[in-house]
Amino acid sequence: MSTATPPVDPNLKSVSYGLAPGAVDDDIDVQSEEMLVNMGPQHPSTHGVLRIVLRTDGEMVLEAVPHLGYLHRCKEKIAENLAYYQYIGYTDRLDYLAAMNNNHAWSMAVEKLADIEVPKRAEYIRVIAAELNRIASHLVSFGTYGLDMGAFTPFLYAFREREYILDLFEQLCGARLTLSYINIGGVTWDLPPLFLEKLGEFLDYFEPKIDEYNDLLSFNHIFIKRTSNVGVASKELCIKYALSGPMIRGSGIPLDLRRTRPYSVYPNLDFDICVGEGLKGQLGDCWDRYWVKMQEMKQCIRILRQCIAQMPSGAFRAKLPRAMKVPPGEVYAEYENPRGHLGFYIESQGGPIPYRVKIRGPSFVNLAVTGELCKNVLLADVPAIVGSIDIVMGEVDR
Amino acid sequence: MTAREYFANIYDNVKSIAIGMKITIKYCFQKTVTVQYPEQRLSFAPRYRGIHEFELDRCIACDLCAKACPVDCIYIDKTAPRKIDKKTGKVDPKGGELVRYAIDYSKCLFCALCTEPCPTECIHMGKLHDLSSYSREDVVVEFTELDKKGQRTPIPLWMERNADHIPWVKEEYERVKSGKIATTAGDIPVVK
Ligand code: SF4
Ligand code: SF4
């Protein structure tokens, strides 16, 4: 009767989880005590639909491989069929927590390509919008990181303050998350009346809250125990993986495009670049990365105060023809997103639509280091490490 | 771990919990920041971008809004070009007919790009945000059909059900029913 047994599908064995050679063999459970564990895509502490395959030995994680693509929406291909101004709505949905920054980056790239001069007032409004969104994004990052570490309260507090910022955005452009406000040649609408006053009020209200967060979470002993000396990224590793944003600054490298390759009106503004100092453990651990974000919020407040003081009058948008023609050529524009370097590469062959668009997403590049950081750590450290990388899946998968 | 470290650790933990408790207890005695939707609601900003309001009697069926839309979710059918009658400010009834004007809200991005090029400013973003429905077909809003009922914007399902016991819903419901427009001229400044 042996012929009656169905033949083993030869393809079955070649299902690879992308682990190191030897990691997958058919009788793995018998030979060793290693086990493959799927974390995600519906795990509460993976931010979005990220799946991480873990090779575990008891409580130890020997290897972690992130798997992507659950949120792929062909963003780059869509750009090839849309006029430059129409794509702005799509950039909102890349890194949905920092829509203003994405709008700004895209507009900057197109302006560089078409050689458009942006009025001074528009630049200041853009910086205000971008820095406000940076605060909002860091607040979400701070809140959810607390949530990952088992602290629920900071999350609610962070969202309470974020609500204030979203209200300001609603005044500004009528949307709260998918903003589409910064536009090619300037911004779509001028500041509403009394906006700067309301912004000033918010900053006065918000500044002491950061110290409160620090008391609540940053210097909480349990939180420090969970995050310090965990997921240490050395300077060499950061450079090797081309990390950017709070990831690389947390390791002590002061790389911030707002300073190193200034754009917009950042040269006129005075602010510090926050780097990790290894205050609570080794340099470049999860706590350092988290601390960089908390410090950056204070710097954002400084920038916003200066913008309010320096706000010039004038036009808020350059005069452009509706069907804007862009000369042939290619351009790469880099931008400091809350999560790192956001780059847009555009190739134009003339006409109203781009020929090819490539997006360099900071979360995507930062996520690549997960495998390196999650080697030989405890299972409970994996959420701490992934949370500190601060990814937004909308932008990783695009 | 020495006994000294062990107790220092416990002391640190208790201390940080006490600091945290101090902050959270302070908020126990403050005003709540949340509202009980739908009984209460937050007000919308003047520029709020909600479900469109469409004034059919001023639309000249020029297709500019449909061309500006990044997701092609505006469907327009017409018999012939329409013209604005200078005297009344409305469309000349002798011109063509706008057979269908529909927006597919399963695709719409609420980007307001369609409102920018409109020569007669007859499409603008409204103040309702909660359009839900039981089927996919219902998500496509036929504005021509609504206009026959005298409405400029669709009525959300839940609004009909709750109009009789929540005051603000009743107000909104009657406004939409009577075809009044929420957006005022100063709300979203026109980009030209
Ligand atoms: S709001 Fe944007 S997506 Fe929606 S119909 Fe108008 S142009 Fe199209
Ligand atoms: S742009 Fe205005 S007038 Fe032209 S079809 Fe659209 S709604 Fe009608």
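The rules behind each value
- Residues numbered from 1 in each chain as written.
- Chains lettered and ligands numbered in written order.
- Predicted model: local features only at pLDDT ≥ 70, side-chain atom pairs only at ≥ 80, totals over all residues.
- Helix = DSSP H or I, 4+ residues; strand = E, 2+ residues; numbered from the N terminus.
- Rg over C-alpha atoms; globule rule 2.2 N^0.38 Å.
- Buried ≥ 20, exposed ≤ 12 C-beta atoms within 10 Å, placed from the backbone.
- Contact = placed C-beta atoms within 7 Å.
- Pairing = 2+ DSSP bridges.
- Domains from an automatic or database assignment.
- Near = placed C-beta within 6 Å.
- Nonpolar A, V, L, I, M, F, W, Y, C, P; charged D, E, K, R; others polar.
- Axes fitted to C-alpha atoms, helices over the stretch in contact; angles between N-to-C directions.
- Parallel < 35°, antiparallel > 145°, perpendicular 65-115°, else oblique.
- Left-handed = near helix turned anticlockwise from the far one by under 90°.

Now for the overall build of chain A. Along chain A, the regular secondary structure elements total 16 helices and nine strands. Computed over the C-alpha atoms, the radius of gyration of chain A is 23 Å, within 12% of the 21 Å expected from 2.2 N^0.38 for a compact globule of 398 residues. The principal-axis extents of the C-alpha atoms in chain A amount to approximately 85 × 55 × 35 Å. Counting only residues that meet the buried cut, chain A has 46% of its 398 residues in that class. Looking at chain A alone, contacts between residues at least 24 apart form 71% of all its contacts between residues at least 6 apart.

Once that is clear, we can look at the sheet that holds strand 1 (residues 34–39) of chain A. Across a sheet, paired strands are connected by hydrogen bonds in the backbone, their directions being either parallel or antiparallel. All names here are of chain A. Ordered in space as 1-2-3-9, the four strands form an open sheet in which the pairing is antiparallel. The open sheet has two edge strands, strand 1 and strand 9 (377–378), and neither has a second partner. Pairing between strand 3 (residues 60–67) and strand 9: two bridges, direction antiparallel. Looking at strand 9, one finds that Met60 is bridged to Leu378.

Bringing the domain arrangement of chain B into the picture now. For chain B, the assigned domains are domain 1 (1–33) and domain 2 (52–177). Look at where the C-alpha atoms of domain 1 of chain B and domain 2 of chain B centre, and you get two points 55 Å apart.

With that settled, the discussion passes to the site of ligand 2. Neighbouring ligand 2 are 14 residues, the closest being Cys59(B), Cys62(B), Leu64(B), Cys65(B) and Cys118(B). For the shell around ligand 2, the residue count by class is 12 nonpolar, one polar and one charged.

Residue and element names in this part refer to chain B. Non-glycine residue Ala61 carries a positive phi angle of around 50°. The topology assignment puts Ala61 in the loop between strand 1 (52–54) and helix 2 (64–68). Overall, the presence of 23 C-beta atoms within 10 Å leaves Ala61 in the buried class. One non-glycine residue, Glu121, lies in the positive phi region at around 50°. Within the secondary structure layout, Glu121 lies in the loop between strand 3 (98–104) and strand 4 (123–125). Take Glu121: there are 14 C-beta atoms within 10 Å of it, and that puts it in the partly exposed class.

This part takes up the interface of chain A and chain B. Tallying the contact residues gives 24 residues for chain A and 22 residues for chain B. Sorting the residues of the side of chain A that touches chain B by element identifies helix 6 (153–173), helix 7 (195–218) and helix 8 (221–227) of chain A as the ones contributing at least two each. The leading source of residues in the side of chain A that touches chain B is helix 6 of chain A, at five residues. Broken down by class, the residue content of the side of chain A that touches chain B amounts to eight nonpolar, 10 polar and six charged.

The subject of this paragraph is the packing of helix 7 of chain A against helix 12 (residues 286–310) of chain A. Residues and elements named next belong to chain A. Helix 12 packs onto helix 7 with a crossing angle of 165° between their chain directions and a minimal axis gap of 10 Å. In terms of axis orientation, helix 7 runs roughly antiparallel to helix 12. The crossing of helix 7 and helix 12 is left-handed. On helix 12, the residues that touch Leu196, Leu199, Gly200, Leu203, Phe206, Glu207, Ile210, Tyr213, Asn214 and Ser218 of helix 7 are Trp291, Met294, Met297, Lys298, Ile301, Leu304, Arg305 and Ile308. Residues belonging to the contact of helix 7 with helix 12 are distributed by class as follows: 12 nonpolar, three polar and three charged.

Let's shift gears to the environment of Tyr173(B). Residue and element names in this part refer to chain B. Within the secondary structure, Tyr173 sits in helix 5 (residues 167–177). Overall, Tyr173 belongs to the partly exposed group, with 18 C-beta atoms counted inside 10 Å. C-alpha of Tyr173 to C-alpha of Ile123: the two residues are 50 residues apart in sequence and 20 Å apart in space. Each residue touching Tyr173, except ones within four places of it in the same chain, is listed here: Ile155, Met159 and Ala163.

Residues and elements named next belong to chain A. Interhelical geometry of helix 5 (residues 120–148) versus helix 12 gives an angle of 155° and a closest axis separation of 9 Å. By the angle between their axes, helix 5 is roughly antiparallel relative to helix 12. Helix 5 and helix 12 meet at a crossing whose hand is left-handed. Within the contact between the two elements, helix 5 uses Tyr124, Val127, Ile128, Glu131, Leu132, Arg134, Ile135, His138, Ser141, Phe142 and Tyr145 and helix 12 uses Tyr290, Lys293, Met294, Glu296, Met297, Cys300, Ile303, Leu304, Cys307 and Gln310. Its residues placed into classes, the contact of helix 5 with helix 12 shows 14 nonpolar, three polar and four charged.

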